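Understanding the architecture of this molecule
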Amino acid sequence: MKSNKNIVLIGMMGSGKSSIGKILSKKINLTFVDIDREIEEFEDLKISEIFKKYGENYFRKIEEKICLKFLRLENSIISLGGGSFINASIRKMCERNSLSFWLNWKNETIIKRIYKSKKRPLVMKLTKIQINCLIKERSKFYSLSNHRIDCDKLDKVEIINKILDIYENK
Ligand code: S3P
């Protein structure tokens, strides 16, 4: 029987959740939801502006609200923000009707992509050592996801096919 479960993509900033999610959604014709974009639309502000204007705690509250809303959907591909899966309520909601996939990369790959990124308020002022610590901390939570995809040796198509293979054969 065909599943109505969502595919939820989790992982660090720069792990490709949004780009993989978009391609995946076109390939299997499911709705794509990018939580960061939904937060921006809800607040009518860019993520960096929300952090600047209201601070991280406020952002996390809105993030929880938006995630819990969209995780109620069925048959959707949902790309979470890098910090969403740290929240226990969001993780719990993911267990309800979703299969979660951690897009895991070597720390160096992630650091190369996000170091000094102006679009990413959380890491903008962090040193490489601090980003390493953040990845280590976060990975404890990411490892609670249903599936870990080690992405470093794969191209985009291979990552997508791995996810689909698991999703369609579970
Ligand atoms: C964050 C990741 C960002 C965004 C916000 C906070 C985080 O999303 O939600 O800047 O805490 O890791 P992406 O992972 O999509 O960049």
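The subject of this paragraph is the overall build of the protein chain. The helix and strand tally for the protein chain stands at eight helices and five strands. Listed N to C, the secondary structure of the protein chain is β-α-β-α-α-α-β-α-β-α-α-β-α in terms of helices and strands. What you see for the protein chain is a C-alpha radius of gyration of 15 Å, in line with the 15 Å of a compact globule of 170 residues. Based on the C-alpha atoms only, the size of the protein chain along its principal axes is roughly 50 × 35 × 25 Å. Put simply, the protein chain has 170 residues, and 46% of those count as buried. A total of about 9700 Å² of accessible surface is found on the protein chain, and carbon and sulfur atoms cover 51% of it.

On to the site of the ligand, then. Taken together, 13 residues lie around the ligand, and Lys-17, Asp-36, Arg-60, Gly-82 and Arg-138 are the ones closest in. Take Gly-83: an N or O atom from its main chain is 3.3 Å from an oxygen atom of the ligand. In isolation the ligand has 380 Å² of accessible area, and contact with the protein removes 94% of it. Considered class by class, the residues forming the shell around the ligand number five nonpolar, three polar and five charged.

Take the state of the cysteines next. Tallied over the entire structure, the rule returns zero disulfides. Unpaired in terms of disulfides, Cys-151 finds its nearest cysteine sulfur in Cys-94, a separation of 17 Å. Residue Cys-151 is classed as buried on the basis of its relative accessible area of 1%.

It is the contact of helix α4 (residues 56-70) with helix α5 (residues 88-97), at a shortest axis distance of 10 Å, that shows an interaxial angle of 10 degrees. Considered as vectors, α4 and α5 are oriented roughly parallel to each other. Here Glu-63, Glu-64, Cys-67 and Leu-68 of α4 come into contact with α5, specifically with Ser-89, Ile-90 and Met-93. Residue composition of the contact of α4 with α5, by class: four nonpolar, one polar and two charged.

Conventions we followed
Residues numbered from 1 in each chain as written. Predicted model: local features only at pLDDT ≥ 70, side-chain atom pairs only at ≥ 80, totals over all residues. Heavy atoms only, no water. Helix = DSSP H or I, 4+ residues; strand = E, 2+ residues; numbered from the N terminus. Rg over C-alpha atoms; globule rule 2.2 N^0.38 Å. Buried < 20%, exposed > 50% of the residue type's maximum accessible area, 1.4 Å probe, protein only. Areas by Shrake-Rupley, 256 points an atom, 1.4 Å probe, with all protein chains shown as cover. Near = heavy atom within 4 Å. Polar contact = N/O pair within 3.5 Å; in protein donor to acceptor, adjacent residues only side chain to side chain. Nonpolar A, V, L, I, M, F, W, Y, C, P; charged D, E, K, R; others polar. Disulfide = S-S within 2.5 Å. Axes fitted to C-alpha atoms, helices over the stretch in contact; angles between N-to-C directions. Parallel < 35°, antiparallel > 145°, perpendicular 65-115°, else oblique. Contact = heavy atoms within 4.5 Å.

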